[in-house]
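Residue-level structure breakdown
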Amino acid sequence: RFGSSLFSIVACNTEECDYAETRVFPMGSGASAGISAAVDAASLDDIRAVLKPLPTDMQQKLKSVLAKPSLQVAAPAGAIDLYKAIGAFVQPIMETDGHDAAVAVVESCCEGFRKAVHAAGPDKEEFVKAFNAEAPGGEADPGIMAGATAFWAGIGAQVGPIMESNGQQAAVDYVNKVCDGFKAACHSAGPDEDAFKASLAKSLKVPAKPSLQV
């Protein structure tokens, strides 16, 4: 956890630490997240209907991808920026006020970010206003605000395609999933950046669909 004098070192393999960045809400393509979310929500009949018109070799390639044990949604752009900003902010708090105080700040920041994302949607000015409102004194630390804005934009680039294909509730659920994974990764990894990336990547994996017969 941020603010702890002892941090566990979490092993990170190449696949888990592949921290690909994409861009979310109706503002960007977010192809990686959109495809993964659409596959997760689609029925087998839907997927078969998409595959049938394709050449046989392309069908086999896509079926091979969908048959993998899991599909990993790319971590939203900006996640690492907010993680680093929170870490820099809470370290002095840990040194002066102790571990519990630092953990409370991380928790408050993560939940404030979640509330601001839901309140603002794709409106950047509204996000800044909402995130400042969640901060003590009504104004977020400049470094945390910069990281939060980058992370908000990254989530937005992924949520747009999800909303278009699966509706508002699916988009809300995805935002919560990302925020849950981000907060858990902050608490478990502390200042270990590789451990943070691995934890967040793991939280974004979704179950694969059953075998396809086209």
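Every value quoted in this text rests on a predicted model; they were computed, and no experiment measured them.

A few points about the overall build of the protein chain
In terms of helices and strands, the protein chain carries nine helices and two strands. Each helix and strand of the protein chain, placed in order from N terminus to C terminus, yields the pattern α-α-α-β-α-α-α-α-α-α-β. With 214 residues in all, the protein chain has 44% of them scored as buried. Looking at the protein chain as shown, the accessible area adds up to about 10,600 Å², and 55% of this sits on carbon and sulfur atoms.

Looking at helix 4 (residues 79–97)
Taking 1.5 Å per residue, 19 residues should reach 27 Å; helix 4 reaches 26 Å between its end C-alpha atoms and fits that length. At Val 90, helix 4 shows its largest kink, close to 30°, and the proline Pro 92 lies no more than four residues downstream. Of all the residues in helix 4, the buried ones are Ala 79, Ile 80, Leu 82, Tyr 83, Ala 85, Ile 86, Gly 87, Val 90, Ile 93 and Met 94. Where the residues of helix 4 are buried, they touch helix 5 (99–120), helix 7 (142–166), helix 8 (168–189) and helix 9 (193–203).

Some points on the packing of aromatic side chains
Applying the stated criterion across every chain, the model contains eight aromatic pairs. Arranged with centres 5.6 Å apart and planes meeting at 20°, the rings of Phe 127 and Trp 152 form a pair that is stacked. Placement of the pair is Phe 127 in helix 6 (residues 124–134) and Trp 152 in helix 7, with a sequence separation of 25 residues. With relative accessibility at 4%, the residue Trp 152 sits in the buried group.

Digging into the nonpolar core
Core analysis: the biggest nonpolar cluster contains 44 residues, and Phe 113, Phe 127, Phe 131, Phe 182 and Phe 196 have the highest contact counts within it. Sorting the residues of this core by element identifies helix 4, helix 5, helix 6, helix 7, helix 8 and helix 9 as the ones contributing at least two each.

Regarding the side chain of Asp 192
Within the element layout of this structure, Asp 192 appears in the loop between helix 8 and helix 9. Although Asp 192 is buried, it forms no salt bridge, and the closest oppositely charged side chain is Lys 197 at an N-O distance of 9.2 Å. At 3.2 Å, the side chain of Asp 192 and the backbone nitrogen of Asp 194 are in polar contact.

Topic: the packing of helix 7 against helix 8
The N-to-C vectors of helix 7 and helix 8 enclose an angle of 150°; their axes lie 8 Å apart at closest approach. With respect to the hand of their crossing, helix 7 and helix 8 are arranged in right-handed fashion. Only Gln 168, Ala 170, Ala 171, Tyr 174, Val 175, Val 178 and Phe 182 of helix 8 make contact with helix 7, whose side of the interface consists of Phe 151, Ile 155, Gln 158, Val 159, Ile 162, Met 163 and Asn 166. Tallied by class, residues from the contact of helix 7 with helix 8 come to eleven nonpolar, three polar and no charged.

Remarks on the state of the cysteines
Enumeration over the complete set of coordinates arrives at zero disulfides. Residue Cys 109 stays outside any disulfide, its sulfur separated by 5.8 Å from that of Cys 110, the closest cysteine. Sulfur of Cys 179: no disulfide; nearest cysteine sulfur belongs to Cys 110 and is 8.3 Å away. Exposure remark for Cys 179: the relative accessible area of 4% places this residue in the buried category.

Quick notes on the environment of Ala 140
By the element assignment, Ala 140 lies in the loop between helix 6 and helix 7. Its relative accessible area of 11% is what places Ala 140 among the buried residues. C-alpha separation for the pair Ala 140 and Val 128, spaced twelve residues apart in sequence, amounts to 9.0 Å.

Digging into the pattern of salt bridges
In this structure the tally under the stated criterion is seven salt bridges. Of the charged contacts in the structure, one is a salt bridge between Lys 84 and Glu 193, with a shortest N-O distance of 3.7 Å. Pair noted here: Lys 84 is in helix 4 and Glu 193 is in helix 9, with a separation of 109 residues, a long-range link. The partner of Lys 183 in a salt bridge is Glu 111, and the shortest N-O contact between them spans 2.7 Å.

Quick look at the packing of helix 4 against helix 7
For the pair helix 4 and helix 7, interaxial distance at closest approach is 7 Å and the crossing angle is 160°. Here helix 4 lies roughly antiparallel to helix 7, going by the angle between them. Regarding helix 4 and helix 7, the two cross each other, and that crossing is left-handed. Contacts between helix 4 and helix 7 involve Ala 79, Asp 81, Leu 82, Ala 85, Ile 86 and Phe 89 from the former and Gly 143, Ile 144, Gly 147, Ala 148, Ala 150 and Phe 151 from the latter. Residue classes in the contact of helix 4 with helix 7 are distributed as nine nonpolar, two polar and one charged.

Reading the values: rules and limits
- Residue numbers here run from 1 along each chain, matching the order of that chain's written sequence.
- It should be noted that, the model being predicted, local features are given only for residues of pLDDT at least 70 and side-chain atom pairs only at 80 or more, the latter also being counted only at that level, while totals for whole chains, interfaces and linings use all residues.
- To obtain the side-chain values, all non-hydrogen atoms of the structure were included, while hydrogens and water were left out.
- Put simply, DSSP H or I for four residues or longer makes a helix, DSSP E for two residues or longer makes a strand, and each gets a number counted from the N terminus.
- Note on classification: 1.4 Å probe, protein chains only; a residue is buried when its accessible area is under 20% of the maximum for its type, exposed when over 50%, partly exposed between these limits.
- Methods summary: accessible areas were calculated by the Shrake-Rupley approach with a probe of 1.4 Å, and residue burial reflects only the protein chains presented.
- Take the number of residues in a helix, subtract one, and multiply by 1.5 Å to get its expected span.
- The bend at a residue is defined as the angle formed between two axes, one fitted to the seven residues ending at that residue and one fitted to the seven starting there.
- A contact between two residues is defined here by any heavy atoms of the two lying within 4.5 Å.
- Each pair of aromatic rings taken from Phe, Tyr and Trp, with Trp reduced to its six-membered ring, is defined by centres within 6.5 Å and is described as stacked if the planes are under 30 degrees apart, edge-to-face if over 60, and tilted in the remaining cases.
- Here, nonpolar core refers to any group of buried Ala, Val, Leu, Ile, Met, Phe, Trp, Tyr and Cys residues whose side-chain atoms link them within 4.5 Å.
- Note on charges: Lys and Arg go in the positive column, Asp and Glu in the negative column, and His and the chain ends are not counted at all.
- Take a side-chain nitrogen of Lys or Arg and a carboxyl oxygen of Asp or Glu: if they are within 4 Å of each other, that pair is a salt bridge.
- A 3.5 Å cut-off defines polar contacts: any pair of N or O atoms within that distance qualifies, except that in protein one atom must be a possible hydrogen donor and the other a possible acceptor, and neighbouring residues in sequence count only when both atoms are side-chain atoms.
- In this analysis an axis means a line fitted to C-alpha atoms, helices contributing only their contacting stretch, and an angle means the value between N-to-C directions, from 0 to 180 degrees.
- If you view the pair so one helix is near and one far, a crossing is left-handed when the near helix is turned anticlockwise from the far one by less than a right angle, and right-handed when it is turned clockwise.
- We call Asp, Glu, Lys and Arg charged. Ala, Val, Leu, Ile, Met, Phe, Trp, Tyr, Cys and Pro are nonpolar, and the rest, Gly among them, are polar.
- To count as a disulfide, a pair of cysteine sulfur atoms needs to be within 2.5 Å.
- What sets the label is the angle itself: under 35 degrees gives roughly parallel, over 145 gives roughly antiparallel, 65 to 115 gives roughly perpendicular, and the rest give oblique.

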